[in-house]
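Okay, here's what each chain looks like letter by letter:
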Amino acid sequence: MKIIMLGAPGAGKGTQAQRIAKDYGIPHISTGDIFRKNLKEETPLGLEAKTYMDRGALVPDDLTIRMLLARIGEADCRNGYVLDGFPRTVPQAEKLTEVLAQTGDKVDFALDVTVPDEDIVERMSGRRSCPGCGRTYHIVYAAPQKEGVCDSCGAALVLRADDAPETVLKRLAVYHEQTEPLIAYYEGQGVLRRIDGTVSMEDVYAQIVALLGEPAEA
Ligand code: AP5
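A few points on the structure.

Conventions we followed
- Residues numbered from 1 in each chain as written.
- Predicted model: local features only at pLDDT ≥ 70, side-chain atom pairs only at ≥ 80, totals over all residues.
- Heavy atoms only, no water.
- Helix = DSSP H or I, 4+ residues; strand = E, 2+ residues; numbered from the N terminus.
- Rg over C-alpha atoms; globule rule 2.2 N^0.38 Å.
- Buried < 20%, exposed > 50% of the residue type's maximum accessible area, 1.4 Å probe, protein only.
- Contact = heavy atoms within 4.5 Å.
- Areas by Shrake-Rupley, 256 points an atom, 1.4 Å probe, with all protein chains shown as cover.
- Salt bridge = Lys/Arg side-chain N within 4 Å of Asp/Glu carboxyl O.
- Pairing = 2+ DSSP bridges.
- Axes fitted to C-alpha atoms, helices over the stretch in contact; angles between N-to-C directions.
- Near = heavy atom within 4 Å.
- Nonpolar A, V, L, I, M, F, W, Y, C, P; charged D, E, K, R; others polar.
- Core = buried A, V, L, I, M, F, W, Y, C linked by side-chain atoms within 4.5 Å.
- Arc of directions from axis to C-beta.
- Polar contact = N/O pair within 3.5 Å; in protein donor to acceptor, adjacent residues only side chain to side chain.
- Parallel < 35°, antiparallel > 145°, perpendicular 65-115°, else oblique.
- Left-handed = near helix turned anticlockwise from the far one by under 90°.

Side note on the overall build of the protein
Looking only at helices and strands, the protein has 9 helices and 7 strands in total. Against the compact-globule benchmark of 17 Å for 218 residues, the protein has a radius of gyration of 16 Å, which places it among compact chains. A burial count over the protein gives 45% of its 218 residues as buried. Across the protein, the fraction of contacts at a sequence separation of at least 24, relative to all contacts at a separation of at least 6, is 68%. Accessible surface computed for the protein: about 10900 Å², of which carbon and sulfur atoms make up 53%.

As for the pattern of salt bridges
Overall, the coordinates contain 16 salt bridges when judged by the stated rule. Of the charged contacts, one joins R19 and E202 as a salt bridge, the two residues approaching to 2.9 Å between their closest N and O atoms. Pair noted here: R19 is in helix 1 (residues 13-24) and E202 is in helix 9 (residues 201-212), with a separation of 183 residues, a long-range link. The exposure class assigned to E202 is partly exposed, which follows from its relative accessible area of 48%. Within this structure, R127, R160, D162, D163 and R171 form a network of salt bridges that share partners.

Digging into the sheet that holds strand 3 (residues 81-84)
Taken together, 5 strands build an open sheet; the order of strands is 2-3-1-4-7 and the sheet is parallel. Since the sheet does not close on itself, it has two edges, and those belong to strand 2 (28-30) and strand 7 (192-196), each with one partner. Strand-to-strand twist of the sheet, defined as the mean angle between neighbouring strand axes without regard to direction, takes the value 25°. As defined by bridge partners, strand 1 (residues 2-7) adjoins strand 4 (residues 109-114) across 5 bridges and the pair is classed as parallel. If you follow M5 over to strand 4, its bridge partner there is L111. Each of strand 1, strand 2, strand 3 and strand 4 is contacted by helix 1, which is oriented at about 165° to strand 1, the strand it contacts most.

Things to note about the site of the ligand
Near the ligand there are 36 residues, and of these T15, A57, R88, R127 and R171 occur at the shortest range. Out of a free accessible area of 1000 Å², the ligand has 97% covered by protein chains. Elements with a minimum of two residues in the shell around the ligand: helix 1, helix 2 (31-40), helix 6 (117-126), strand 6 (136-138) and helix 9. A per-element tally of the shell around the ligand places helix 2 first, with 4 residues. Class assignment for the residues of the shell around the ligand results in 15 nonpolar, 13 polar and 8 charged.

Brief notes about the nonpolar core
In terms of nonpolar packing, the biggest core is built from 46 residues, with I3, M5, I20, L83, L96 and Y186 touching the most fellow members. Top element by residues in this core is helix 9. It accounts for 5 residues. Contact partners of I3, with chain neighbours within four places excluded, come to I20, I26, Y81, V82, L83, F109, L111 and L212.

Let's talk about the pairing of strand 4
Where burial is concerned, most of strand 4 is hidden: 5 out of the 6 residues are buried. Here strand 4 pairs with strand 7 via 5 bridges, running parallel. Looking at strand 7, one finds that A110 is bridged to L192.

Points about helix 6
Among the residues making up helix 6, those that are buried are I120, R123, M124 and G126. Down the axis of helix 6, the buried side of the element spans an arc of 160°, and every buried residue falls inside it. Next to the buried residues of helix 6 lie strand 5 (127-129), strand 6 and helix 7 (165-179).

Topic: the side chain of H138
Its location among the elements puts H138 in strand 6. A distance of 3.4 Å separates a polar side-chain atom of H138 from the backbone oxygen of R123. Those residues within four positions of H138 in sequence are excluded, and the remaining contacts are E122, R123, G126, R127 and A143.

With respect to the packing of helix 6 against helix 7
Closest axis-to-axis distance for the helix 6/helix 7 pair is 10 Å, and the angle between their directions is 140°. One finds that helix 6 runs oblique with respect to helix 7. Taken as a pair, helix 6 and helix 7 cross one another with a handedness that is right-handed. In this structure, helix 6 contributes D117, I120, V121 and M124 to the contact, and helix 7 contributes P165, V168, L169, R171, L172 and H176. Of the residues in the contact of helix 6 with helix 7, the class split is 7 nonpolar, 1 polar and 2 charged.

Printed below as a string of structure tokens:
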């Protein structure tokens, strides 16, 4: 099963994608996480991506597409994946469609998690992320068992550099301009499904399971 998570920054794409990956046994591929991992390791890719991420802009398509295509070509992607943060522009979506079509394949579901802009800034300021394993928390809605420490790997949680309110507003503007057109793109392919992202994380996930079907080992 090949799933794409659409939605504004902070809509809950990562939160839901992590759970889908675990329950449906497919890898969770977040382009943002891959960029952040490269940045932490100070690779040339990470250092280049940082110059865009820090100001809330998108990393150029050619770089992002190359990186993503390499990742979905790996062995663990044979039975599908959940893409979180890709595609984010129409050229990225068109390239993915083209590459999948080469093997007679296509995206199965594009899940658009909708949350109004007003709610986003509050969610982002409360988000805490694990730089070790990538797990995401919220200080009110999804707090770790021990404050500031990842439940999964024990690393110290951090506030992402691009979650400062002024950068979040810029990311929202970029989303509306460059990513929102993908809703119509996937609607045209007949795979768009809308998810109400304003309800609790559990209720968001229940909507997703109703669409995807119960996982085999739920
Ligand atoms: P990326 O890491 O992809 O960030 P994003 O899309 O802006 O999304 P976020 O990770 O911020 O939010 P999310 O929707 O995953 O929300 P989350 O589940 O964490 O990208 C970062 C940057 O990398 C980009 O700006 C760009 O520069 C670059 N980049 C990445 N991909 C690219 C691409 N394809 N092309 C070009 N550049 C690219 O939830 C948010 C918070 O809310 C959490 O604290 C969570 O606990 C909480 N929460 C979640 N659901 C709920 C709920 N239902 N109720 C209450 N709280 C909730």
